Amino acid sequence: MASSLTKDSASSPVTEKTFLGHPRGLANLFMTEMWERYSYYGMRALLVLYLSAEVAEGGLGFEDATAIAIYSVYNAMVYLLALPGGWFGDRVWGARKTVAVSGTIIMVGHFLLALPTTVSFFIGLAFIAAGSGLLKANISTMVGHLYRDKNDPRRDGGFTIFYMGINVGAFAAPLTIGWVGQKVDWHYGFALAGVGMAVGLAFYFLGFRNLAPESNQVPAPLSETERAGIIKRAVIWLAVAAVAYGLVGLSGSFTIDWVLWPLTILGLALPTYYLVRVRRDSDLEPVERTRMSAYVWFFVAAAAFWAIYDQTGSTLTLFAKDNTEGSLFGFDFPSSWFQSLNPLYVMALAPVFAWLWVALSRRGKEPSTLSKFATGLLMIGGSFFVMMLAQTASAGGVKVTPLWLCSVYLIQTIGELTLSPVGLSLTTKLAPAKYASQMMGVWFLAVTAGSSVISLLQLVGAPTDTEWWFASQGAIAMAGGFAIFMYRKRVQPLMGGVH
């Protein structure tokens, strides 16, 4: 930490303790997010492996298809719950309290996973999904609160530092939690994830005095009437669910499908409903409605992207375990380590891409937003064509070189760096004024929709260990990328002047 002479929003000089030239609270939020992501990605690196491992090996013994469906539904719910998570921060607890509560829920969830019982495992998974959704929507808001002036030149740099914390945690998690889970004991691995979240909470609570006062405020608190109405509806729906599942349980016909099917349908229906509701809102100006028409197409394309991208923790993890050599250049490693590649590539390539866009812009050659989006889809689709070749090479029980997956993750990361930032930017540009804040949550729903599609395919029996699985999805993504690029001049007018 250092001290520097800065100016506040009233332009009066004050002495402010800083972290790398930024408000000191950034250090606490950086560490909180880093350790939360450490716990999240560490657990995720083990999830499908544990679900599909034989009971004799300490796992739950699910079929691969069921394990992938559970993983996909879990991933879908994390991003689906980011939308009500933002609502809680704005209307119920404020960002600071919401993050404190959600972090505690996540920590408890990981420790429930560490207990060697099936019931506690699934309760813990629900806790982590709910806590992650609440936290995801609010901690980034708190970073913004640290900069009183929205035009503070340090603001973008602060978010860049914060983003690096995400990738540092995501990189370290599979290397440690993955190793402990696979080489020592599954439940010790899950417990280590809980310890990681506990460390993050310690940094968070110790740094309360460094956070902005705005983070402790509720921007639009619920009235007593609204609160009573919401509680009443929640109790009714919970009672209906309890009665329905109680009857199923008493009949002796309850299986995991009774959970997976409703959540999969919910993950597809809610994004669709929300987009249609926004598009048909009579308060929208004609140009806003046209922009939303354009956004729907981008949303569908993004869902296809994330459907493939988030299989790193499911189908690609199983391919790593079953079809890939566990050594390279004489060094042995567990299959969960492959999930450290993406954050490693992001940390290495993000500065390169940032420099590249600036350099091309100076020469007047920077690709358009539509071209970048199309490139992201082409790259993610291309990665699955590489996986198709890897699947072919592994026919007959042959274990292929790890370089196949190293290449796939590299291609996917390049696609992520061209599409993900562009998608966030497009969302802010195309969002109607009435839904300016909520549309960021809608962008996350593209992940929910994509993961729900993968869950649906597993529930209906689509095989993941075939060339067809990879080729069909790769073809869809690449077709979407080509369509956006070829018809970009027709799509552009729908964007209402947004470039």
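Check the entry above for the structure.
Residues numbered from 1 in each chain as written. Predicted model: local features only at pLDDT ≥ 70, side-chain atom pairs only at ≥ 80, totals over all residues. Heavy atoms only, no water.

Another aspect to go through is a nonpolar patch on the surface. A cluster of nonpolar residues, Val108, Val119, Ile123 and Phe127, forms a patch on the protein surface that exposes about 330 Å² of accessible area. Take the nonpolar patch: its biggest share by element is 3 residues, from helix H5 (residues 118-145). In this fold, valine 119 is placed in helix H5. (Patch = residues over 30% accessible without salt bridge, like charges linked within 9 Å, V, L, I, M, F, W, Y side chains within 5 Å. Areas by Shrake-Rupley, 256 points an atom, 1.4 Å probe, with all protein chains shown as cover. Salt bridge = Lys/Arg side-chain N within 4 Å of Asp/Glu carboxyl O. Helix = DSSP H or I, 4+ residues; strand = E, 2+ residues; numbered from the N terminus.)

It is worth spelling out the pattern of salt bridges at this point. Opposite charge on two side chains makes pairing possible when the charged atoms of those side chains draw close. Under the defined criterion, the tally for this structure stands at 5 salt bridges. The shortest N-O distance in the salt bridge between aspartate 310 and arginine 44 comes to 3.6 Å. With aspartate 310 in the loop between helix H10 (286-309) and helix H11 (315-323) and arginine 44 in helix H1 (residues 25-52), this residue pair connects regions lying 266 residues apart in the sequence. Look at aspartate 310 and you get buried, because its relative accessible area is 7%. For glutamate 226, the salt bridge goes to arginine 91, with nearest N and O atoms at 3.1 Å. On the criterion of sequence distance, the pair formed by glutamate 226 in helix H8 (residues 224-251) and arginine 91 in helix H3 (residues 82-91) is long-range, its members being 135 residues apart. (Buried < 20%, exposed > 50% of the residue type's maximum accessible area, 1.4 Å probe, protein only.)

This part is about the environment of valine 168. Along the polypeptide, valine 168 turns up in helix H6 (residues 155-184). We classify valine 168 as partly exposed; its relative accessible area is 32%. For the pair formed by valine 168 and valine 276, sequence separation is 108 residues and the distance between their alpha carbons is 38 Å. Sequence-distant contacts of valine 168, that is, excluding residues within four places in its chain, are made with Met34 and Met347. (Contact = heavy atoms within 4.5 Å.)

It is worth stressing that arrangement in space is one thing and function is another; only the former is reported here.
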